[in-house]
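# Structural description and commentary
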Amino acid sequence: MAISPAPRQELEHQLGQWARGLDEAQLQWASGYLAGLAAARAEVGASTAGVAPEAAAQPTLTIWYGSETGNGRGVAQRLADEAEAKGFAVELASVADIQPRAIGKLESLLLVMSTHGEGDPPEGAEALHKLIMSERAPRLDTLKFAVFALGDSSYPDFCQTGREFDARLEALGARRLIDRVDVDVDFEPAEDVWRARILETLETELQPDGRQSTPPYLQLIRGVDDSYDNRPDTVPRFDRRNPFSAEVLEIAPLTVAPSTSPVYHVELLLEDSGLEWQPGDSLGIWPSNDTRLVDEIVEVSGIDASTTVARGDETLEARQWLERRLELTLLTRPFVEAWAGLSESGHLSKLLGDRDEFAEWVGTRQVIDVLREYPAGIDADSLIASLRGIAPRLYSIASSPRLSGDEIHLTVKRVGGVDDDGRLRAGVASWQLAEAASPGDRVPVYVEANPGFRLPENQDAPVIMIGPGTGVAPFRAFVQQRQATGAGGENWLFFGARNRRTDFLYQLEWQRFRRQGDLHRLAVAFSRDQADKVYVQHRLREQGRDVYDWLERGAHIYVCGDGQRMAADVHQALVDVIAAHGGKTEGQATDYLEAMKQAKRYQKDVY
Amino acid sequence: MSDLNVEKIKSESRALRGTLYDSLADPTTGAIREADTVVSKFHGIYQQDDRDVRPQRREARLEPLYQFMLRVRVPGGRVSRDQWKALDRLADEYGNGTLRLTSRQAIQYHGISKESLRNLVRGIDAVGMDSLAACGDVNRNVMCHVQPELGPLQAETLKWADRLSAHLTPQTNAWREIWVDGNKVELDEPEEDRIYGQAYLPRKFKIGIAVPPYNDVDAYSQDIGFIAIESEGRLVGFNVIAGGGMGCSHGESDTFPLLGKVIGFVEPNQVLEVAEAIVTTQRDFGDRNNRKHARFKYTLDDHGTDWLLDQIKQRSGVELQSARPFEFTHSSDRFGWAEDADGRWHYTVFVENGRLGPEQRAGLNRLIDQYVGDFRLTPNQNVVLTGITADARPEVEHILQASDLDGGSRHSALRRHSMACVALPTCGLAMAEAERYLPDLVTRIEELAARHSIEDQAITIRMSGCPNGCSRPYLGEIGLVGRAPGRYNLYLGASFNGDRLNRMVLDNADEAAILHAIDGWFQRFAGEREPAETFGNFSVRAGLVAAVNHGSEVNAA
Ligand code: SRM
Ligand SMILES: Cc1cc2nc3c(=O)[nH]c(=O)nc-3n(C[C@H](O)[C@H](O)[C@H](O)COP(=O)(O)OP(=O)(O)OC[C@H]3O[C@@H](n4cnc5c(N)ncnc54)[C@H](O)[C@@H]3O)c2cc1C
Ligand SMILES: Cc1cc2nc3c(=O)[nH]c(=O)nc-3n(C[C@H](O)[C@H](O)[C@H](O)COP(=O)(O)O)c2cc1C
Ligand code: SF4
């Protein structure tokens, strides 16, 4: 577009003023920068310069995240926003969406990386992880980096993946900007500290010589990350740090006696929360501990529950700390370490030495059990200090907003319960949702978007949903959504549980969907209904020919539920099916699935 | 069910096969396809669900607790030792741990899962029993008076029960194919069935053989009742009673129980032809448009006896002779010990409402292992232990006592003459409790009897959970028919020997009202009865209730 003469002279004058005293290189840079600026303006619609966007000459700050349940993504997002505010040109991306080898071209990398499975990379980070850990990894001598590792100290391999990246990047010649931090699930305070530190370091590290930090009016360019819809401007008012207090509408059992693992249907009201979600997303819940458990802790530890205790920037009565702020149902390594000291127990110290024994020991115990087995004379302050901050629990959203509006349905399996001595030994969140809460109560919640678990955009694409146990939850939302949007594609659900008579979650609804023609196939595996145990992977193999046909017809596969064994068994079953019916070798079948993964046609949400 | 086109399903069932294979193969539900629930009845298999847990399962978004009832066909109620041992074991393996003796001398299993059905059927097939035609629109289990001590007469009547049963069994291999062999057979032409054709009968059909003076089979309630006529202990033939039945529906005055009519006498060698002629007559003339009007009793009531005799003559060539004189004294069982000509003893055990739990089953097991020849199931849900030696009697009584079984010493005459249908929780048609409630109610009634010191009086008390009348309540001196939970219609005035129906005296009454009424009757009975007068006959003579001449009056207010 043309510029009229008068302002143009004006502009030339200004530019001349500003350009005086810039050397050649700087002028070069500036010209490129201005072009990019125009392009960026065009993007935001502020101007319509026809110039093609061009990478800014200013060193861009690359922020990559490997995140499965959204925590790392949030950390990376907040970091990017603040870095931009400070004038950095930021390239923000999920490692699921990058070309792994692109790492070779980077100048700087801030890597936010969580750990999943049993010390494994999060969904989508496998490719980069594989490359970096392998012989074929590129040299990274020019790279500057820092790693922010998310983990959960109740798992044996705490922050494993973050640690691996951190060590390996250095080994490949990259220079560490600041030391890695490993954060637990109560990571917010640590995150703020780290963000401040790394940005401070970057200000000095990333300045081209002689130039002071980027002038504010040049702060437009940013790496565009379209890997998820959760852009800053659409970020809802309520989030993990500022949860919405949702009303419990209904709690109904989905299993009947003599079921061995009770599951509940929970309905919450998110009216006026401004929160938005779609099938595949999860709901985060900030749970609070049952008063019975808190009473038991107070009694056994002998502390005075009314003393006020300060921790971080918060001061509360000990009882409140225990009820609302601290993790009591999970044992973490730091706590056991602390307690080994307080109780001077040789056995605990010995346990801490043995990784596997420790892992299996904590799996079946809670804080209260340690307090009972290894008494230690302590006061409120040291008890509170020894415990980890409580973390929210995620639950797959089991309802489609198209159908239930601002109601959210969850499918909650109760972990543990009341033991033979009448003591409450249950999972904090599932117990609260399934048993403790009653309609009218309120629970703090937030929506955890899951861009890696989405129905196909192509409404006519068939979908195969594999969701044994509570893994079936998101598929209830999927089928509802496909029904509500009149999707033409066929739906095939694989469900599994112990007994058909007691554990067939939403049986009547699946039967109705089938009658109405919204669920086209339903394969079930009830492991305890016959002598030999049958699981969904068996059904996949039995019906392998049809499964393969569906895949060839462009079907999308979704796997949800137990990540310990199911996900791997199902993956193997799929490989076998593709090999058997596609006339492929194991290797080719694996590539076939890998390609589907890349094309986002093979998505998992396992826990 | 009623909205199902039963006639269509029957005639398209390809000799009772339907789509049972596919129904059994579907793992996503404990049920079979709706149309197959009609077909399966002909195989003696009813789809039911545990009604006690319906609400909580609905809340849990689970389908009803579908389960199956299997009825083993036992012509004349005779069960050998080996058969009993097998049946008993199967109750634990595939049933709910109980055996249910029925009011037609058969045996029922409850609570069978779809997956267990084949194994159960194979189990009964292994001991030469079946469940084919135990239900459905065909001839049902053929009843026969039970009295081993009768010797030859009993043997001969039993023989005729077997022959009638065999002669009127539907011609199909479907039962064996589906349940025993369990592999799908693609046949282009289903079996021919000369008697039933492709659509079978318009409705169920029932035959019973009585031996006067005993009317334990309630001959007047059968579609065909054969009354054995003897001279010098040998069978010479049968009087024929036609057109009885109990079933009716509340508030539908064109449905009612009816007593069969005595239409004549046949010689033994004419029995099969005449039975077949009556069955085919019902096949051709029974109402196939309205199942509530489809029983043979209505067909006969509408066309009349002469018409039937004419049909029989046309179809079998047999002209019935005029009926021989006979007399019935009672319709209940004779309890306790009886000795036969050869000095062998037989013991009739009272089984409350026919339900044998683990304890009673264990007792009967010991008995049949050590002391008893075979079992005879009675038409009143009880069991006769046969062929016991005199010296074993004390031990037998001891075992009975120990296993909560009794032949008359412990239970009052009132209780021993009471009978309830199954009803809740398994029966899909139940409107009120029966089997689970009658024992308590009888206790209350015993108290009233004691108050008026008539506790030794035998009075038949029959309770059904709905007007279908599976315990033949309209033939009880006191009858109770369920209307709604805790509420019953109360009937009075049937005869003790089963030749007169009762009449409704209280409509939709609760326990208090029922007991109040009975208390009043007992008071009058205690004061005004004549020697040896039965309660039912007294109630009519004393004007407590007007005698019923035709079944249509039973429910008329
Ligand atoms: C087990 C038994 C009652 C008992 O406590 O012993 C019984 C139980 C049932 N009867 Fe009956 N009937 C039983 C003897 C009778 C009798 C008595 C008799 O046959 O001497 C009658 C009255 C005589 C008659 O047929 O009129 C009887 C008249 C009915 C009727 C009504 C028929 C009618 O003409 O209206 C039904 C309902 C129907 O057929 O539509 C019925 C239906 C049923 C069903 C199968 C309910 C159903 O159709 O879904 C009941 C199963 C309950 C359960 O959970 O076991 N049952 N039923 C008896 C089994 C007999 C056998 O071994 O074959
Ligand atoms: C993305 C995602 C989606 C999820 N979706 C669902 C869902 O749809 N439905 C669902 O039910 N869950 C879901 N989960 C799991 C859920 O988030 C919680 O982890 C689960 O409910 C347990 O949390 P809790 O607070 O009840 O138990 P916690 O307090 O976290 O305790 C759980 C652990 O503590 C130990 N433990 C506690 N009590 C006992 C006991 N009595 N005996 C033995 N061990 C004990 C066990 O090791 C157990 O694994 C999901 C998780 C993720 C990450
Ligand atoms: C199924 C599952 C397995 C996990 N395994 C580990 C583990 O082995 N080691 C660990 O330190 N943290 C583990 N975690 C905890 C996560 O790393 C932690 O919740 C982190 O905040 C998740 O970050 P993200 O939401 O960005 O994926 C696991 C979490 C889940 C849900
Ligand atoms: S009388 Fe009614 S309630 Fe009782 S068993 Fe028969 S059908 Fe069921």
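Being a predicted model, the structure only gives us computed values, none of them experimental.

### Digging into the overall build of chain B
- Along chain B, the regular secondary structure elements total 17 helices and 20 strands.
- Here the C-alpha radius of gyration of chain B, 23 Å, is about what a compact globule of 557 residues would show, namely 24 Å.
- Across its three principal directions, the C-alpha atoms of chain B cover 70 × 55 × 55 Å.
- In chain B, which comprises 557 residues, the share counted as buried stands at 62%.
- Considering only intrachain contacts with a sequence separation of at least 6, the fraction spanning at least 24 residues in chain B is 69%.
- When the accessible surface of chain B is totalled, it reaches about 20,200 Å², and 47% of it is carbon and sulfur.
- Once the 64 positive and 79 negative side-chain charges of chain B are each reduced to a mean point, those two points are 2 Å apart.

### Regarding the pairing of strand 12 (residues 345–349) of chain B
All names here are of chain B.
- When you tally the buried positions in strand 12, you get five out of five residues, the bulk of the element.
- Of the two faces of strand 12, the one carrying Trp345, Tyr347 and Val349 and the one carrying His346 and Thr348 are both buried.
- Linking strand 11 (residues 336–339) back to strand 12 in an antiparallel pair, the connection comprises five residues, with glycine 343 at a positive phi of about 75 degrees.
- Two elements, strand 12 and strand 15 (residues 383–388), share four bridges in a ladder whose sense is antiparallel. Across the sheet, residue threonine 348 finds its bridge partner in strand 15, namely valine 384.

### Observations concerning empty space enclosed by the protein
- Across all of its chains, the model carries five cavities of 30 Å³ or more by this definition.
- Put simply, the largest cavity is a space of about 100 Å³.
- By residue class, the composition of the lining of the largest cavity is three nonpolar, six polar and four charged.

### Topic: the site of ligand 3
Residues and elements named next belong to chain A.
- Within the structure, ligand 3 sits among 21 residues, and Ser67, Thr69, Gly72, Thr115 and His116 are positioned closest to it.
- Residue glycine 72 places a main-chain N or O atom 2.6 Å away from an oxygen atom belonging to ligand 3.
- Contact with the protein chains hides 92% of the accessible area of ligand 3, taken as 640 Å² for the molecule alone.
- Classifying every residue of the shell around ligand 3 gives six nonpolar, 11 polar and four charged.

### Things to note about the interface of chain A and chain B
- The partner chain B presents 18 residues to the 22 residues of chain A that form the contact.
- For the pair chain A and chain B, the summed buried surface comes to about 1,600 Å²; carbon and sulfur atoms form 48% of the total.
- In terms of surface lost to chain B, no three residues of chain A exceed Arg500, Arg501 and Leu508 of chain A, which account for 40% of the buried area on that side.
- Where chain A touches chain B, the interface holds three salt bridges.
- For glutamate 509 of chain A, the salt bridge identified is with arginine 61 of chain B, shortest N-O distance 2.8 Å.

### As for the coordination of the iron atom of ligand 1
- For the iron atom of ligand 1, the protein contributes exactly one donor atom, Cys470 of chain B (SG), at 2.3 Å.
- Checked against the element boundaries, cysteine 470 of chain B lands in the loop between strand 17 (461–464) and strand 18 (478–484).

### Looking at the confidence of the model for chain B
- Predicted confidence across chain B gives a mean pLDDT of 96, with 99% of residues reaching 70 or more.
- The ipTM assigned to the predicted complex is 0.88, against a pTM of 0.84.

### Re helix 10 (residues 296–303) of chain B
Residue and element names in this part refer to chain B.
- Listed as buried for helix 10 are Phe296, Lys297, Tyr298, Thr299 and Leu300.
- Elements in contact with the buried residues of helix 10: strand 9 (234–242), helix 9 (271–285) and helix 11 (305–316).
- Positive backbone phi, at 90 degrees, marks glycine 304, one or two positions downstream of helix 10.

### Quick notes on the pattern of salt bridges
Residues and elements named next belong to chain A.
- In total, this model carries 88 salt bridges over all chains according to the counting rule given.
- Here glutamate 205 makes a salt bridge to arginine 175, at a shortest N to O gap of 3.0 Å. One end of the pair, glutamate 205, is in helix 6 (residues 188–205); the other, arginine 175, is in strand 5 (residues 175–176), and 30 residues separate them in sequence.
- One salt bridge connects arginine 372 with glutamate 296, and the closest N-O pair in it is separated by 2.9 Å. Taken together, the positions of arginine 372 in helix 12 (residues 367–373) and glutamate 296 in helix 7 (residues 291–301) put the pair 76 residues apart, joining distant regions of the chain.
- Taken together, the shared-partner salt bridges connect Arg78, Glu82, Glu191, Asp192, Arg195 and Arg241 into one network.

### A short note on the sheet that holds strand 2 (residues 66–72) of chain B
Residues and elements named next belong to chain B.
- Overall, antiparallel pairing links the five strands, which are arranged 1-2-5-4-13 in an open sheet. The strands lining the two open edges of the sheet, one partner per strand, are strand 1 (45–49) and strand 13 (355–356).
- Helix 6 (residues 117–126) contacts strand 1, strand 2 and strand 5 (107–112) of the sheet and is inclined by roughly 10 degrees relative to strand 2.

### Brief notes about the pairing of strand 19 (residues 487–492) of chain B
Residue and element names in this part refer to chain B.
- Taken across its six residues, strand 19 has five buried, putting it largely inside the fold.
- Hairpin connection from strand 18 to strand 19: two residues lie between these consecutive antiparallel strands, with glycine 486 at a positive phi of about 80 degrees.
- For strand 19 and strand 20 (residues 503–509), the ladder comprises four bridges, and the chain directions are antiparallel. Across the sheet, residue tyrosine 491 finds its bridge partner in strand 20, namely methionine 504.

### Focus on the sheet that holds strand 10 (residues 261–266) of chain B
Residue and element names in this part refer to chain B.
- Taken in spatial order, the five strands make up an open sheet running 6-7-8-9-10, and their pairing is mixed. Only two strands of the sheet have a single neighbouring strand rather than two, namely strand 6 (143–144) and strand 10.
- With four bridges joining them, strand 7 (residues 207–210) and strand 8 (residues 224–231) adopt parallel strand pairing. Along strand 8, the bridge assignment pairs glycine 208 with glycine 225.
- The strands touched by helix 7 (residues 152–167) are strand 6, strand 7, strand 8 and strand 9; relative to strand 9, the strand with the most contacts, the crossing angle is about 50 degrees.
- Helix-sheet contacts for helix 11 involve strand 9 and strand 10, and the interaxial angle to strand 10 is about 30 degrees.

### Digging into the site of ligand 4
- In the vicinity of ligand 4, the contacting residues are Cys421, Ala423, Cys427, Leu429, Ala430, Ser464, Gly465, Cys466, Asn468, Gly469 and Cys470 of chain B.
- Taken together, the residues of the shell around ligand 4 sort by class into seven nonpolar, four polar and no charged.

Quick notes on the rules
- Residues numbered from 1 in each chain as written.
- Chains lettered and ligands numbered in written order.
- Predicted model: local features only at pLDDT ≥ 70, side-chain atom pairs only at ≥ 80, totals over all residues.
- Heavy atoms only, no water.
- Helix = DSSP H or I, 4+ residues; strand = E, 2+ residues; numbered from the N terminus.
- Rg over C-alpha atoms; globule rule 2.2 N^0.38 Å.
- Buried < 20%, exposed > 50% of the residue type's maximum accessible area, 1.4 Å probe, protein only.
- Contact = heavy atoms within 4.5 Å.
- Areas by Shrake-Rupley, 256 points an atom, 1.4 Å probe, with all protein chains shown as cover.
- Lys, Arg positive; Asp, Glu negative; His and termini not counted.
- Charge placed at Lys NZ, Arg CZ, Asp CG, Glu CD.
- Pairing = 2+ DSSP bridges.
- 1 Å grid on protein atoms, 1.4 Å probe; cavity = no way out; pocket = protein on both sides within 12 Å on 5 of 7 lines; lining within 4 Å.
- Points joined across faces, edges and corners; volume = space filled by probe spheres on them.
- Nonpolar A, V, L, I, M, F, W, Y, C, P; charged D, E, K, R; others polar.
- Near = heavy atom within 4 Å.
- Polar contact = N/O pair within 3.5 Å; in protein donor to acceptor, adjacent residues only side chain to side chain.
- Buried area = accessible area lost by both parts, 1.4 Å probe.
- Salt bridge = Lys/Arg side-chain N within 4 Å of Asp/Glu carboxyl O.
- Donors = N, O, S within 2.8 Å, 3.2 Å for Na, K, Ca; no water.
- pLDDT = per-residue confidence, 0-100.
- Axes fitted to C-alpha atoms, helices over the stretch in contact; angles between N-to-C directions.

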